Amino acid sequence: MSDIEMHLDVAEDGGNGYQKTAIQNEVFVYPSQIVESNIPKGASKDSGTMNSNDTSALQEFFGNEAFKKRMNVTVYSEGLLRHDTGLTYFVGDNAEKTFNEIEAYDVATNTNKSKSDISLISLLSLIGYYSAKKYWSQYKAFPKEDLNVVVDRLITALPLNEFKRNGVSASFADRFKNNNHTVVLNNFDLPVTVHIRFSYVNVMPEGLASVMALIYDPKSPLDYRNDDIYSHVYFNSPEDRVDITGESITNKSFLLIDIGDGSTDCIISEGLDNNLYSSSGLEQGIGTCAQKAIDYLNAENPNNVRMTRQKFLQTALEGDSSGARVYRKTFEAQLPPFFTSLDDKVTRMLTTYKSNVDFVIVSGGGSSMVEKYHIEDFQKIVKYSTGVFNAPIIVIPEKYSQLLNLSGLQVLLYRMQQAHFYG
């Protein structure tokens, strides 16, 4: 190892569909998927290796974040649960460029995030590339020796049902903190080796991270939020209308429904005071619906193009071809069973909670699906379940919902930095 040492702070929301990570407050989003390379150890691991002295190529590789789509790493880590360490992986978008089977979160069987290696391998890879980028950007050369990286603070999260299981969050944190990690970046003629260790790791429930971003401004984390995040509010009558800001909900009771790819967290909160005992979740989300649609299409059409959930949803929701319309119709057919499970969960929680709630807030990547396909029926469910209080429904706009958990983790990280907290 060398004397070159870099210190970083990291916030990570390792979603079932996408990894959302902020390193030194710089945000990166890429698919939660890896594929094991069958390239023998010691052989060239990237057919497109770059000359380490080619300034122009490296400027393009790092300058416009092209590295996100070409992550090709060999990982040595005692924190991995798989027995064979020192394997080579294509990570994120790069995983789709091989014919090997892609390893992603299995939302059909509710694979626990804490028991998967995907999040760890993905994060170590990104930290490795980020560190190499920072060094090269400063010196226009790679170090002659290995890079040492210390992550002073890592803030991450797990789904609520997983978080509440005894010892799970601590053992997940230990996989990062109490093990040695090394990443070799294989894109260059002289591979770059990065050694990574974690000094402090904080694991939160995913929905609780969202609450931080609902109250505080991610761009100015010491201030209350006061933007258009509360622009999609469904009041039951005109006289119920009130202005809603981050500050105004600090003394309000609300049910936060965070709909993710493979899980949905339902958290009862009094401002920042979360009642985790009364909170629970569903082990399904929008990605579950997408996977059922994919399985149906594959069964009905053996020659159907095999694609990841991320590509399927992108095609179904944004495409305009005849195939995209078939995807969209098939996906929409899977939504009603999910909405029924969500309605049942919300009804049970609101009718058994021993207090009223002032708002029901819907966030996460699936919030737009509720607003587009289910909002009228959902209003009836909430009105029935909250009785005379007639709690309004706040749907977090799509431009904020996907990154809301990460924004909350960034708020917490910033506040720890200001307090000079190192664990």
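Residues numbered from 1 in each chain as written. Predicted model: local features only at pLDDT ≥ 70, side-chain atom pairs only at ≥ 80, totals over all residues. Heavy atoms only, no water.

Here's the deal with the overall build of the protein chain
When helices and strands are counted, the protein chain shows 12 helices and 19 strands. Against the compact-globule benchmark of 22 Å for 423 residues, the protein chain has a radius of gyration of 22 Å, which places it among compact chains. C-alpha extents for the protein chain along the principal axes are approximately 70 × 55 × 40 Å. The proportion of buried residues among the 423 residues of the protein chain is 56%. For the protein chain, restricting intrachain contacts to residue pairs at least 6 apart in sequence, the fraction spanning at least 24 positions comes to 73%. Of the charged side chains in the protein chain, 39 are positive and 52 negative, and the gap between their average positions amounts to 2 Å. (Helix = DSSP H or I, 4+ residues; strand = E, 2+ residues; numbered from the N terminus. Rg over C-alpha atoms; globule rule 2.2 N^0.38 Å. Buried < 20%, exposed > 50% of the residue type's maximum accessible area, 1.4 Å probe, protein only. Contact = heavy atoms within 4.5 Å. Lys, Arg positive; Asp, Glu negative; His and termini not counted. Charge placed at Lys NZ, Arg CZ, Asp CG, Glu CD.)

Regarding the pattern of salt bridges
The full count for this structure, using the stated rule, is 13 salt bridges. Between D13 and K20 there is a salt bridge, with the nearest N and O atoms lying 3.5 Å from each other. Each member of the pair, D13 together with K20, is buried. Close ionic contact of E283 with R165 constitutes a salt bridge, the shortest N to O distance being 3.0 Å. Here the residue E283 occupies a position in the loop between strand 17 (273-282) and helix 6 (286-300), and R165 occupies one in the loop between helix 3 (160-163) and helix 4 (168-177), the gap between them amounting to 118 residues. For E283, a relative accessible area of 36% corresponds to the partly exposed category. (Salt bridge = Lys/Arg side-chain N within 4 Å of Asp/Glu carboxyl O.)

Regarding the nonpolar core
Of all hydrophobic cores here, the largest spans 52 residues; its most connected members are F62, I127, F188, I196 and F198. In terms of residue count, helix 2 (residues 118-139) provides more of this core than any other element does, 12 residues in total. Once residues lying within four places of it in the same chain are set aside, the contact partners of F198 are L124, I127, V151, L154, F176, K177 and H181. Counting residues in hydrophobic clusters, the runner-up holds 36 residues, among them A290, A293, L342 and F378. (Core = buried A, V, L, I, M, F, W, Y, C linked by side-chain atoms within 4.5 Å.)

Looking at the pairing of strand 13 (residues 220-224)
Looking at chain direction, strand 12 (residues 216-217) and strand 13 are connected through two bridges and run antiparallel. Looking at strand 13, one finds that D217 is bridged to S220. The turn linking strand 12 back onto strand 13 is made up of two residues. (Pairing = 2+ DSSP bridges.)

Concerning the environment of V168
Following the sequence through the fold, V168 ends up in helix 4. For the pair V168 and L126, spaced 42 residues apart in sequence, the C-alpha separation works out to 24 Å. Once residues lying within four places of it in the same chain are set aside, the contact partners of V168 are S114, L158 and E162.

Thoughts on the sheet that holds strand 18 (residues 359-363)
In space, the six strands of this open sheet follow the order 14-19-18-15-16-17, with mixed pairing throughout. The open sheet has two free edges, formed respectively by strand 14 (233-234) and strand 17, since each of these has just one partner strand. Strand direction decides the pairing type here: strand 15 (residues 253-259) and strand 16 (residues 264-270), joined by seven bridges, are antiparallel. Its bridge partner being in strand 16, L256 is matched across the sheet by I267. Strands strand 15, strand 16, strand 17 and strand 18 of the sheet are contacted by helix 8 (residues 322-352), whose axis makes an angle of about 145° with strand 17. (Axes fitted to C-alpha atoms, helices over the stretch in contact; angles between N-to-C directions.)

Here's the deal with helix 10 (residues 375-386)
Its 12 residues place the ends of helix 10 16 Å apart at the C-alpha level, agreeing with the 16 Å of an ideal helix rising 1.5 Å per residue. The inward-facing, buried residues of helix 10 contact strand 14, strand 15, helix 8, strand 18, helix 9 (367-373) and strand 19 (393-395). After helix 10 finishes, the residue G387 shows a positive phi value of roughly 60°. (Expected span 1.5 Å × (residues − 1).)

Examining the packing of aromatic side chains
Taken as a whole, this structure holds 18 aromatic pairs when the rule is applied. Taking the centre distance of 6.2 Å and the plane angle of 80° together, the rings of F62 and F142 count as edge-to-face. One end of the pair, F62, is in helix 1 (residues 55-63); the other, F142, is in the loop between helix 2 and strand 8 (147-158), with 80 residues separating them in the sequence. Its relative accessible area of 1% is what places F62 among the buried residues. Between Y135 and Y139, the aromatic rings sit 4.6 Å apart at their centres with planes inclined by 40°, giving tilted as the arrangement. (Phe/Tyr/Trp six-rings, centres within 6.5 Å; stacked < 30°, edge-to-face > 60°.)

Side note on the side chain of T288
By the element assignment, T288 lies in helix 6. Beyond its immediate sequence surroundings of up to four residues, T288 is in contact with V107, D261 and G262.

A look at the environment of N148
Within the secondary structure, N148 sits in strand 8. The class of N148 is buried, set by a relative accessible area of 11%. Spatially, the C-alpha atoms of N148 and E5 are 4.6 Å apart, while their sequence positions differ by 143 residues.

Quick word on the packing of helix 7 (residues 309-318) against helix 8
Two elements in contact, helix 7 and helix 8, have axes separated by 7 Å at closest approach and are oriented at 100°. In this view, helix 7 runs roughly perpendicular relative to helix 8, as classed from their interaxial angle. Of helix 8, the residues touching helix 7 (which contributes F312, L313, T315, A316 and L317) are A324, Y327, R328 and F331. Along the lines of polarity and charge, the residues of the contact of helix 7 with helix 8 split into seven nonpolar, one polar and one charged. (Parallel < 35°, antiparallel > 145°, perpendicular 65-115°, else oblique. Nonpolar A, V, L, I, M, F, W, Y, C, P; charged D, E, K, R; others polar.)

Section: helix 2
Between the first and last C-alpha of helix 2 there are 32 Å, a value that for 22 residues agrees with the 32 Å anticipated at 1.5 Å per step. Helix 2 sits mainly inside the fold: 18 of its 22 residues count as buried. After helix 2 finishes, the residue K140 shows a positive phi value of roughly 55°.

No statement about biological role is implied by the geometric values presented.
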